[in-house]
Every structure is written in structure tokens, then in C-alpha cells.
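What the coordinates show
Each chain, written out:
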Amino acid sequence: MQIVALSGIRSGNVKELHDGIFKNAPTTDDNNLKELYAYYLYESKNYSEALKYLQTFKNSQTRSRLLEAHCHFKLLNYEKSAEIMDQLLSQGKLSNDDMESYTINLVACIDKN
């Protein structure tokens, strides 16, 4: 795996680097590593796969729920995306910056409906 990652850096091919690192899904219960893989799927435009993978999380945190909402948005499931955003906003555990960006995302979902 290191050879692929290093060759990806040398050639400047970031996709090749990511593909080398994330050839397979993590087999650990480490949510941070699992979140990185879910983001990789999202960035690779594999929104359905990212959603399926996010469903395997034992304890969904705010970041993974936000990613889930973004995946639904990209798949044109605006109502589901808005529902998740609304849940996140109603929890009241967000910083002012997060609250602002979540509100913007929620408005975008509502606007699409």
C-alpha cells in the first residue's frame, strides 16, 4: 500500500493516492477511520455506497449524520436530507458556525422541494 500511496504523491494523482489508501473498507470499529472512508466514498461520488456504509456505524456522530444528509442531497432525496438537518439543528449541540452552515444546508434542501 505504501508504494501505491507514494507513487500517487509523486505523480500528483490524488485519486490514485486515495484509491491506494482506501482499497477496502476499514475492518476496525474506530469511527474516525470509518468516517474517513465514508468521506472517501462521498468524494468519489459513490453517494449510495457512502449511505450504505454510514448505516454500519454503531454510534452516529454529528459529522457522520451531516455526511448522510449531504449524500441524500446529492441523490436528490431532499426531504430526507432536510429531515436529518432539522434533527441536527434541534439537538442544540452545535457551535454558531456549525449552526449557520447547517441552516444554509437545510434551506437549500427546502428550496429544492
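The sections below set out a description of the structure shown in this document. Because the structure is a prediction, the values reported are computed rather than measured. (Residues numbered from 1 in each chain as written. Predicted model: local features only at pLDDT ≥ 70, side-chain atom pairs only at ≥ 80, totals over all residues. Heavy atoms only, no water.)

**Topic: the overall build of the protein chain**
Note the threshold: Note on conventions: DSSP H or I runs of at least 4 residues are helices, E runs of at least 2 residues are strands, and numbering of each starts at the N terminus. Each residue gets one of three labels from its accessible area relative to the maximum for its type: buried under 20%, exposed over 50%, partly exposed in between, using a 1.4 Å probe on protein chains only. Here, residues are in contact when the closest pair of their heavy atoms is within 4.5 Å.
From N to C terminus, the protein chain includes seven helices and zero strands. Helices and strands in the protein chain line up, N terminus first, as α-α-α-α-α-α-α. The buried share of the protein chain, taken over its 113 residues, is 35%. For the protein chain, restricting intrachain contacts to residue pairs at least 6 apart in sequence, the fraction spanning at least 24 positions comes to 36%.

**A word on the pattern of salt bridges**
Selection criterion: A pair is scored as a salt bridge if a Lys or Arg side-chain nitrogen falls within 4 Å of a carboxyl oxygen belonging to Asp or Glu.
Using the criterion set out here, one finds three salt bridges in the structure. The salt bridge involving R65 is made with E68; its shortest N-O contact spans 2.8 Å. Residue R65 and its partner E68 are located together in helix α5 (residues 62–74), separated by three residues, close to a single helical turn. With respect to burial, R65 and E68 carry one shared label: buried. One salt bridge connects E83 with K80, and the closest N-O pair in it is separated by 3.4 Å. With E83 and K80 both in helix α6 (residues 78–91), this residue pair falls three residues apart, about one helical turn. For E83, a relative accessible area of 39% corresponds to the partly exposed category.

**Section: the nonpolar core**
The criterion, for reference: Think of a nonpolar core as a cluster: buried Ala, Val, Leu, Ile, Met, Phe, Trp, Tyr and Cys residues, connected wherever their side-chain atoms sit within 4.5 Å.
Counting 13 residues, the largest nonpolar core has A38, L41, Y53, L67 and C71 as its most contacted members. Only α3 (31–43), α4 (47–54) and α5 provide two or more residues apiece to this core. Each residue touching L41, except ones within four places of it in the same chain, is listed here: N46, E49, A50 and Y53.

**A few points about the packing of aromatic side chains**
We count it as follows: Centres within 6.5 Å are what make two rings of Phe, Tyr or Trp a pair, Trp counting through its six-membered ring; a difference in plane orientation under 30 degrees is then read as stacked, over 60 as edge-to-face, and the rest as tilted.
Counting across every chain of the model gives four aromatic pairs. A centroid spacing of 5.9 Å and a plane angle of 35 degrees characterise the contact between Y37 and Y40, whose relative ring orientation is tilted. You can see Y37 and its partner Y40 sitting in helix α3, three residues apart, about one turn around the helix. Both residues of the pair, Y37 and Y40, count as buried. Three or more aromatic residues link up through ring pairs in this structure, and these residues are Y37, Y40 and Y53.

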